[in-house]
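Residue strings, one per chain:
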Amino acid sequence: MRVHQFTVPNNLDRAHLLRIATESSRFAADIRITFGPDESRREVDVKSLLGMMLTIIHSGTEVTLTTRGKDELEALEYVQGLFEQAVIEPSASL
């Protein structure tokens, strides 16, 4: 299992999250994010289009990215890069 924590500097919109979900499906590893305050902490399967589409991640949110499986290191590095790209790219509309 691999774990990476980061803080989201900008709001992540639905288009970014759907792109992350779509591109994450290339990995065999289980890929999840957890975020939010302890009393209402959420866990989402990053490969789930519906799960990611219903997710709202605001600026300042601390996110924990977890990967588990045979290609977990590659998945962690790739998906971490997708999140980094999403916070620096301008919002894309659907």
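Structure: above.
Quick look at the structure, then. (Residues numbered from 1 in each chain as written. Predicted model: local features only at pLDDT ≥ 70, side-chain atom pairs only at ≥ 80, totals over all residues. Heavy atoms only, no water.)

**Overview of the overall build of the protein**
Then comes step 1: From N to C terminus, the protein includes three helices and four strands.
Then comes step 2: Mapped in sequence order, the helices and strands of the protein form the string β-α-β-β-α-β-α.
Then comes step 3: For 94 residues, the compact-globule estimate of 2.2 N^0.38 gives 12 Å, and the C-alpha radius of gyration of the protein, at 12 Å, lies within 12% of that figure.
Then comes step 4: Projected onto its principal axes, the C-alpha positions of the protein cover 30 × 30 × 20 Å.
Then comes step 5: Intrachain contacts of the protein at a sequence separation of at least 6 include 73% that bridge at least 24 residues.
Then comes step 6: When the accessible surface of the protein is totalled, it reaches about 5400 Å², and 51% of it is carbon and sulfur.
Then comes step 7: Counting 10 positive and 14 negative side-chain charges, the protein places the averaged centre of each group 5 Å from the other. (Helix = DSSP H or I, 4+ residues; strand = E, 2+ residues; numbered from the N terminus. Rg over C-alpha atoms; globule rule 2.2 N^0.38 Å. Contact = heavy atoms within 4.5 Å. Areas by Shrake-Rupley, 256 points an atom, 1.4 Å probe, with all protein chains shown as cover. Lys, Arg positive; Asp, Glu negative; His and termini not counted. Charge placed at Lys NZ, Arg CZ, Asp CG, Glu CD.)

**A word on a nonpolar patch on the surface**
Then comes step 1: Taken together, Leu50, Met53 and Leu54 make up a surface patch of nonpolar side chains, about 290 Å² in accessible area.
Then comes step 2: Along the chain, Leu50 falls in helix α2 (residues 49-53). (Patch = residues over 30% accessible without salt bridge, like charges linked within 9 Å, V, L, I, M, F, W, Y side chains within 5 Å. Salt bridge = Lys/Arg side-chain N within 4 Å of Asp/Glu carboxyl O.)

**Some words on the environment of Val44**
Then comes step 1: By secondary structure assignment, the location of Val44 is in strand β3 (residues 42-45).
Then comes step 2: Judged by its relative accessible area of 4%, Val44 falls in the buried class.
Then comes step 3: Separated by 23 residues in sequence, Val44 and Thr67 place their C-alpha atoms 12 Å apart.
Then comes step 4: Setting aside chain neighbours within four positions, we find Val44 in contact with Ile31, Arg32, Ile33, Phe35, Gly51, Met52 and Thr55. (Buried < 20%, exposed > 50% of the residue type's maximum accessible area, 1.4 Å probe, protein only.)

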